[in-house]
Amino acid sequence: MVVLAASIISKSGKALVSRQFVDMSRIRIEGLLAAFPKLVGVGKQHTYVETENVRYVYQPIEALYLLLVTNKQSNILEDLETLRLLSKIVPEYSPSLDEEGVCKSAFELIFAFDEAISLGHKESVSVTQVKQYCEMESHEEKLHKLVMQSKINETKDVMKRKASEIDKSKIDKNRGDKGGFMSSMGSGRIENSFSEMSLTSGSGGGFGSGSGFGLTTEGDTFSNKPKGRPSASATAPPKGLGMQLGKTKRANQFLESLKAEGEVILEDVQPSVTQSRTSASAPTNPITLTVEEKLNVTLKRDGGVSNFDVQGTLLLQILNQEDALIQVQIETGDNSSVLFKTHPNINKELFSNENILGLKDPNRPFPTNQGGDTAGVGLLKWRMQSMDESIVPLTINCWPSVSGNETYVSLEYEASSMFDLRNVVISVPLPALREAPSVRQVDGEWRFDSRSSVLEWSILLIDNSNRSGSMEFVVPPVDSSVFFPISIRFAAASTFSELKVLNILPLKGGPAPKFAQRTQLITENYQVV
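Nothing here was measured: the structure is a model prediction, and the numbers come from that model.

Draft legend 1. Spatial organisation of the sheet that holds strand 22 (residues 500-506). A sheet is described by the order of its strands in space; here three strands give the open sequence 12-10-22, paired in antiparallel fashion. The sheet terminates laterally at strand 12 (356-357) and strand 22, the two strands that pair on one side only. With six bridges joining them, strand 10 (residues 326-331) and strand 22 adopt antiparallel strand pairing. In the strand pairing of strand 22, isoleucine 330 is matched with valine 501.

See the structure below:
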């Protein structure tokens with residue numbers, strides 16, 4: 001079978017879409033298509049017409065004809081099968097089966113015809129495969145776009161940094177002109193008061209250096225740094241507006257020149273101060289305490305634990321200065337393997353004897369969330385390490401087996417009764433596939449990420465009703481090591497330390513201020529290797 005051309009033509013003989021598959025002159029193809037309407041008789045039920053040199057295999061689609069031009073030696077059954085495949089492809093790409101709809105999607109139809117027919121011979125593909133092949137993305141194109149976007153982002157960062165330096169120098173100059181009295185009465189008093197509470201001393205223990213109570217803190221993996229600082233342009237005097245507008249104008253000219261070259265520019269939308277404050281999950285209670293534990297677990301594929309590490313932090317956030325003169329009474333639970341370490345400015349004896357967290361100087365208040373800081377101040381840290389597999393919240397068993405031309409993979413999860421897990425996602429790497437694997441059975445939902453070739457198995461909630469579950473899928477034959485490492489993400493509302501905040505003790509008397517407690521266990525790096 002050799003297909004010379006595939007076309008969609010009107011009943012008047014006008015060729016709307018035409019794709020040539022062999023080396024023939026354009027005049028020859030146009031002559032063959034122009035002769036077809038004269039050969040089709042009215043009222044005939046045939047689906048093909050033969051001439052001395054070629055065979056026309058056609059199918060009416062509303063007011064149009066889907067036409068294949070083949071040689072006379074071609075197998076008529078294969079011709080009809082190819083015609084049926086193309087008749088299924090056309091409605092997938094054309095919004096309407098008329099002249100206007102076909103002309104709008106002419107290029108998409110030609111690309112689809114190329115995937116179905118190669119060098120005049122039909123490819124062994126389905127409609128789904130044709131659509132997937134046509135939607136394939138170019139790695140080189142994506143890489144080029146990423147490089148260009150990184151250059152644009154780098155240029156924006158340089159402009160912002162230069163503008164911030166200029167604004168800062170202007171502010172420093174204005175402060176020097178105003179004299180030392182206004183400087184000390186203004187921001188200097190606030191900076192001095194918080195610099196006294198800035199803790200940069202001590203790097204003892206296995207917990208690294210302590211995170212400070214000040215506005216600028218230095219910490220390690222347990223510390224909680226502020227996500228940023230207020231831009232200097234927010235306090236810049238109106239006198240610097242002209243220079244700022246000049247920089248903005250030059251930046252816009254640079255972006256416009258890139259747009260003129262055909263680059264897609266993703267503009268950063270800078271939210272206003274009001275929007276950023278309202279959109280952030282700002283606490284509504286005067287005092288908020290957050291108990292957070294992060295899991296770093298590495299499990300062996302054949303069973304056993306390579307690494308199990310829990311890192312916990314107790315964070316304090318106070319909205320109002322009048323509520324800052326307090327102490328926090330907690331309960332640490334009965335887990336003896338959890339090692340606690342207080343902040344260097346916390347009274348260690350008070351914590352050891354009475355489980356109360358208070359500053360060494362009882363007359364000094366805790367810092368409030370100056371500048372809109374939502375992370376809070378770290379009061380207590382703890383760590384737990386173990387090689388006991390029984391305390392692992394979630395274990396995964398993966399059983400690949402090759403049978404003939406297929407690999408059957410059985411996945412099973414088993415969850416501990418200690419925690420109810422939320423938003424569980426189990427990511428299994430797969431070999432490079434053009435289409436999704438065949439999933440035979442799954443407890444939950446699944447999704448195939450074709451770009452990274454990863455199968456994601458998600459369970460919304462694991463509790464006493466589904467402490468175990470399974471999934472089965474089939475892929476082409478591959479080595480079993482392809483399916484590792486398996487990455488896992490989840491969250492829980494309880495922790496290993498079982499730490500709880502019992503009460504807030506005001507040091508100046510009066511009723512205890514209201515407080516809210518947040519508790520969460522999250523995965524930072526959880527894998528089966």
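That was the structure; now back to the text.
Draft legend 2. Focus on the sheet that holds strand 15 (residues 406-415). On the basis of which strands lie adjacent, the open sheet formed by four strands has the order 14-15-20-17 and antiparallel pairing. Of all strands in the sheet, those with a lone pairing partner are strand 14 (394-403) and strand 17 (438-442), marking the two edges. Going across the sheet, the axis of each strand differs from the next one's by a mean of 15°, ignoring polarity. Direction of pairing for strand 14 relative to strand 15: antiparallel, over a ladder of 10 bridges. Residue pairing across strands places tryptophan 399 opposite serine 410, the latter belonging to strand 15.

Draft legend 3. Seen up close, helix 5 (residues 127-134). Turning to helix 5, its buried residues number three or more, namely Val127, Gln129, Val130, Gln132 and Tyr133. Tucked inside the fold, the buried residues of helix 5 contact helix 2 (76-93) and helix 4 (106-116).

Draft legend 4. The arrangement of empty space enclosed by the protein in detail. One pass over the full model with this rule turns up one cavity of 30 Å³ or more. As for the largest cavity, its lining consists of Ala324, Leu325, Ile326, Gln327, Gly358, Leu359, Asp361, Pro362, Arg364, Phe366 and Leu507. Grouping the amino acids of the lining of the largest cavity by side-chain chemistry returns seven nonpolar, two polar and two charged.

Draft legend 5. Geometry of the packing of helix 2 against helix 4. Axis separation between helix 2 and helix 4 bottoms out at 10 Å; the angle between their running directions is 150°. If you check the angle between helix 2 and helix 4, you find them roughly antiparallel. Where helix 2 crosses over helix 4, the handedness of that crossing is right-handed. Each of Leu85, Leu86, Ile89, Val90 and Tyr93 in helix 2 lies in contact with helix 4, whose residues at this interface are Glu108, Leu109, Ala112, Phe113 and Ala116. The residue makeup of the contact of helix 2 with helix 4, split by class, is nine nonpolar, no polar and one charged.

Draft legend 6. Region of interest: the pairing of strand 2 (residues 15-20). Pairing geometry for strand 1 (residues 3-10) and strand 2, over five bridges, is antiparallel. Paired with alanine 6 across the bridge in strand 2 is arginine 19. Between strand 1 and strand 2, which pair antiparallel and follow one another directly, the connecting turn spans four residues, one of which, glycine 13, has a positive phi of 100°.

Draft legend 7. Quick peek at the packing of aromatic side chains. Under the counting rule described, the total for this entry stands at 11 aromatic pairs. Considering the side-chain rings of phenylalanine 36 and tyrosine 56, the 5.4 Å spacing of their centres and the 45° angle between planes classify their relative orientation as tilted. A residue pair is termed long-range when its members are at least 10 positions apart, and phenylalanine 36 in helix 1 (residues 26-39) and tyrosine 56 in strand 4 (residues 54-61) qualify at 20 residues. Note on phenylalanine 36: relative accessible area 0%, which makes it buried. Exposure remark for tyrosine 56: the relative accessible area of 1% places this residue in the buried category. Their ring planes at 65° and their centres at 6.3 Å tell us that phenylalanine 473 and phenylalanine 483 sit as a pair that is edge-to-face. With phenylalanine 473 in strand 20 (residues 468-475) and phenylalanine 483 in the loop between strand 20 and strand 21 (486-492), this residue pair connects regions lying 10 residues apart in the sequence. A single burial state applies to phenylalanine 473 and to phenylalanine 483, both of which are buried. The structure contains a cluster of three or more aromatic residues connected by ring pairs, namely Phe36, Tyr56, Tyr58 and Tyr65.

Draft legend 8. Looking closely at helix 4. All of the buried residues along helix 4 are Ala106, Leu109, Ala112, Phe113 and Ala116. Buried residues in helix 4, looked at end-on, bunch into an arc of 125°, giving them a common side.

Draft legend 9. Representation of the environment of glycine 469 within the structure. Examined against the element boundaries, glycine 469 turns out to sit in strand 20. Among the residues examined, glycine 469 registers a relative accessible area of 7% and is labelled buried. Counting along the chain gives 57 residues from glycine 469 to glutamate 412, while the straight-line C-alpha distance between them is 5.7 Å. If we skip the residues at most four places from it in the chain, glycine 469 touches Leu411, Glu412, Tyr413, Asp443 and Trp457.

Thresholds, definitions, all that
- Every chain begins its residue count from 1, and numbering advances along the sequence as written.
- In keeping with the model being predicted, local features are shown solely for residues with a pLDDT of at least 70 and side-chain atom pairs are shown and tallied solely at 80 or more, while totals for entire chains, interfaces and linings include all residues.
- Side-chain descriptors were evaluated using all non-hydrogen atoms of the structure, hydrogens and water having been removed beforehand.
- The rule for pairing is simple: two strands pair if DSSP sees at least two bridges between them.
- Runs of E in the DSSP output that reach at least two residues are strands. Runs of H or I that reach at least four are helices, and both are numbered from the N terminus.
- Comment: axis = line fitted to C-alpha atoms, over the contacting stretch for helices; angle = value between 0 and 180 degrees taken between N-to-C directions.
- Exposure classes here rest on a 1.4 Å probe applied to the protein chains alone. A residue is buried below 20% of its type maximum, exposed above 50%, and partly exposed in between.
- Contacts are assigned to residue pairs that have any heavy atoms within 4.5 Å of one another.
- Lining residues are defined by having an atom within 4 Å of a point belonging to a cavity or pocket. Those points lie on a 1 Å grid over the protein atoms alone, cavities being sets where a 1.4 Å probe fits but cannot get out and pockets being open sets with protein on both sides within 12 Å along at least five of seven lines.
- Grid points are joined across faces, edges and corners, and a volume is the space filled by probe spheres set on the points.
- Classification convention: Asp, Glu, Lys, Arg as charged; Ala, Val, Leu, Ile, Met, Phe, Trp, Tyr, Cys, Pro as nonpolar; all other residues, Gly among them, as polar.
- Under this scheme an angle from 65 to 115 degrees is roughly perpendicular, one under 35 degrees roughly parallel, and one over 145 degrees roughly antiparallel; angles in between are oblique.
- If you view the pair so one helix is near and one far, a crossing is left-handed when the near helix is turned anticlockwise from the far one by less than a right angle, and right-handed when it is turned clockwise.
- In summary, the pairing rule links any two rings of Phe, Tyr or Trp, Trp by its six-membered ring, whose centres are within 6.5 Å, and it sorts them by plane angle into stacked for under 30 degrees, edge-to-face for over 60 and tilted for everything else.
- Along the arc lie the directions from the helix axis toward the C-beta atoms.

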